[in-house]
Every structure is written in C-alpha cells, then in structure tokens.
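Topology and contacts: notes
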Amino acid sequence: MSELVLVDTAERIRTISFNRPDKKNALTRAMYTAAAQAIEDGERNGDVRAFILTGTSGVFTAGNDIVDFMERPPAMGSDETPPVGRFMNALLHAKKPVVAAVDGLAIGIGVTLLMHCDLVYCSDRASFKTPFVDLALAPEYGSSQTMTRAFGHQIAAELLMLGASWDAWRAEQTGLVTRTTTPEALMDTARTAAAALAAKPPAALAKAKELMRMAPEPVEDRVAREGRLFSELLQSPEFAEAAAAFMERRAPDFDKLTTG
Ligand code: COA
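Cut-offs applied
- Residues numbered from 1 in each chain as written.
- Predicted model: local features only at pLDDT ≥ 70, side-chain atom pairs only at ≥ 80, totals over all residues.
- Heavy atoms only, no water.
- Salt bridge = Lys/Arg side-chain N within 4 Å of Asp/Glu carboxyl O.
- Helix = DSSP H or I, 4+ residues; strand = E, 2+ residues; numbered from the N terminus.
- Buried < 20%, exposed > 50% of the residue type's maximum accessible area, 1.4 Å probe, protein only.
- Pairing = 2+ DSSP bridges.
- Axes fitted to C-alpha atoms, helices over the stretch in contact; angles between N-to-C directions.
- Contact = heavy atoms within 4.5 Å.
- Core = buried A, V, L, I, M, F, W, Y, C linked by side-chain atoms within 4.5 Å.
- Domains from an automatic or database assignment.
- Buried area = accessible area lost by both parts, 1.4 Å probe.
- Polar contact = N/O pair within 3.5 Å; in protein donor to acceptor, adjacent residues only side chain to side chain.
- Nonpolar A, V, L, I, M, F, W, Y, C, P; charged D, E, K, R; others polar.

Note on pairing: side chains with opposite charge can pair once their charged atoms come close. Throughout the structure, instances matching the rule amount to 16 salt bridges. For Arg-86, the salt bridge identified is with Glu-40, shortest N-O distance 2.7 Å. Here the residue Arg-86 occupies a position in helix 3 (residues 83-92), and Glu-40 occupies one in helix 1 (residues 29-44), the gap between them amounting to 46 residues. Owing to a relative accessible area of 28%, Arg-86 belongs among the partly exposed residues under this scheme. For Arg-170, the salt bridge identified is with Glu-158, shortest N-O distance 2.9 Å. Remark: Glu-158 occurs in helix 6 (residues 153-160) and Arg-170 occurs in helix 7 (residues 168-174); sequence separation between them is 12 residues. On the basis of relative accessible area, Arg-170 is assigned to the buried category, the value being 18%. Among the ionic contacts, a cluster of salt bridges with common partners joins Glu-241, Glu-248, Arg-250 and Lys-256.

Laid out in structure tokens, this is it:
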C-alpha cells in the first residue's frame, strides 16, 4: 500500500488518510487506487464495520493532481475504469458507513466525494471549493445532481457555477457537513461517531444506508418497500439479539453474529 495513503484498521474502524501534505494531498492515480483498495477490501472484511476518510493537519485534499490529470486524463466511458472512477465507485457503493473528517482545504473531488459519505465532520478552519467551471471542466460524480438536490439550485450554483469558497460555517449551514469542531477535536469526533456506527447491527445499518441513498420514488412505494424490509428484519438474528438485550437489560452484542 502506498504511503501517500495511510490505511489503519483498529477497533473495527478503517481509517484512510490522504498523506501527501507537500502537495496539499492532491490525488494521483496511485493514491486513488490505494484508497479504492482500502475501501473494497474493508467492504469484504468482517472486522471492518466503518470507514473514516481524512487528510492531514490543515488539508483534506486539493483535489485531483492537476499534473497527473494532464499527463494521463481519465478516460471516462472507456472499457477500463480509471483509478479515480474505481475509487469513487468504491465509495458510492460502500454498504458500510463512511465518516469524513475534513481539516482545512477541500477542493474539487475533495468536496464531490463528501456527498457520498454518511457523516461529514470538519474543523472550523475548513474550506470547500469546486472550481470546475473556472478550470473549464464540469461537475463530476453526480455532484450536479447530489448538490442540487441537497442544497437547492441557487445554493449549489454558488459552489458549482460561481466557484465560491465556503467556510465551515457556510458548509454547516447548507448541510454539506454534519457538524463543525475545533481542529483538535476533529478526529476524536469522527472516531466517536464511527465507533458508534461500528457497534450497531451491521445488516440493519446497511439497509438504512441503502434506503437513504436510493433514487426517489413515489412515497407510497417507499412506504411499501420499508414495510417489507421492516417485516424481514423482525425475523433477523440482529433483531433477536437487540430484543433479548432489551429484555435482559444489557448492551446488545452484534459481534457474535457473523453478518460481516
Ligand atoms: N495538483 C497538483 N499539485 C498541487 C495541487 C493539485 N490539485 N494543489 C496543490 N498542488 C501543489 C502545488 O503545485 C505546490 O507544489 P510545489 O510546492 O511543488 O510548487 C504545492 O502543492 C503547494 O501548493 P501551493 O499552491 O504552493 O500552496 P498554497 O497554500 O499557496 O495554495 C491551493 C494551495 C490548494 C489553494 C492551490 O495550490 C490550488 O489552488 N491548487 C489547485 C486546486 C485545484 O484547482 N484543484 C481542483 C483540480 S480538478
């Protein structure tokens, strides 16, 4: 595994850190591949229950490495998935929860990818910018849809058309981030959330995530879908354990169930 991306797995949390601070953690093909592998492997690994995605002190990532980009532009739509596509697909399809911890700069894909995380914490010195139009490029990986849906057109346009830089306050106000902390408290906050997610019944948690990320449908269809799932989960070993723990006045232990 490349040292430009650090991967650490402890207490059921896999932390993936972009680690190229001299280049503001600009992401190269090798870094995308390493991060993609860490997610893909974590998805298969029953000992991993949650991911944290982070950068280094003062910088999350300045986005795609522009030199790498010019030398070997990703060929979208070709037969071969480029490393950036592999990484974003891994993130998009992750069934396990992903918590992002952003300290300082998040630019370009460093913001785009946040739309595919479940919880996003940032420090009060974070800033967010998607200068695609300024670079004569286009929004990527669904952001023209995810951001417009999340923030509304007029707010998303500030990022995607104006190329404005959002500070932590604006990011929290718009809902781009879950919560703002001090730089010192950032990783503890992310780890506490990831640990709480890692202790939850994994199959039920994955189902909740799947539902929340599903394309919109008529609300009656969604009610029916949730109802079927609810009935199914009432029969699950996880519910049996949750109910037994409640009756026995103890904490549930979902680790003893091999749900992966
Ligand atoms: N790709 C490649 N290299 C990058 C980079 C990127 N996206 N972002 C920063 N770097 C490199 C710089 O070239 C510089 O390298 P050098 O020391 O060898 O000259 C180093 O990282 C430090 O960057 P620098 O510009 O000196 O730091 P700064 O604090 O003045 O500015 C940024 C930081 C991130 C605001 C500025 O570098 C920038 O705008 N980068 C481009 C971000 C971008 O447009 N990303 C979207 C790509 S789609």
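And the narrative resumes.
Right, let's get into the sheet that holds strand 9 (residues 166-167). Taken in spatial order, the four strands of this open sheet run 4-6-8-9, and their pairing is mixed. Every interior strand has two partners, whereas the edge strands, strand 4 (59-61) and strand 9, have only one. Two elements, strand 8 (residues 127-129) and strand 9, share two bridges in a ladder whose sense is antiparallel. In the strand pairing of strand 9, Phe-128 is matched with Trp-166.

Pairing is mixed in the open sheet, where six strands are placed in the order 1-2-3-5-7-10. Either end of the sheet is taken by a strand with one partner, and the two such strands are strand 1 (5-10) and strand 10 (179-181). On average, each strand axis in the sheet is tilted by 20 degrees relative to the strand beside it, whichever way the strands run. In this structure, strand 3 (residues 50-54) lies alongside strand 5 (residues 98-102), joined through four bridges in parallel fashion. When the bridges of strand 5 are listed, Phe-51 appears paired with Val-98. Sitting on the sheet, helix 8 (residues 183-198) is in contact with strand 2 (13-18), strand 3, strand 5, strand 7 (119-123) and strand 10, with an inclination near 165 degrees to strand 7.

A few words on the nonpolar core. Counting residues in each nonpolar core, the largest one holds 46 residues, and the members touching the most others are Phe-18, Phe-87, Leu-113, Phe-128 and Leu-176. Of the residues forming this core, the biggest block, seven residues, is contributed by helix 1. Ignoring any residue separated from it by four or fewer positions in sequence, one finds Leu-113 in contact with Phe-18, Leu-53, Phe-60, Phe-87, Met-88 and Leu-91. Counting residues in each nonpolar core, the second largest holds 12 residues, with Ile-13, Tyr-121, Ala-190 and Ala-193 among its members.

Turning our eyes to something else, we now look at the domain arrangement of the protein chain. When the domains of the protein chain are assigned, the result is domain 1 (5-198) and domain 2 (202-259). Measuring from the centre of the C-alpha atoms in domain 1 to the corresponding centre in domain 2 gives 28 Å. Counting from both sides, the interface comprises 13 residues of domain 1 and, opposite them, nine residues of domain 2. Both sides together, the interface formed by domain 1 and domain 2 hides about 820 Å², and carbon and sulfur atoms give 42% of it. Seen at the junction of domain 1 and domain 2, the total is four salt bridges. With its nearest N and O atoms 3.5 Å apart, the salt bridge here joins Asp-118 to Arg-213. At the surface where domain 1 touches domain 2, the tally comes to eight residue pairs in polar contact (both at pLDDT 80 or more). Along the lines of polarity and charge, the residues of the side of domain 1 that touches domain 2 split into six nonpolar, one polar and six charged.

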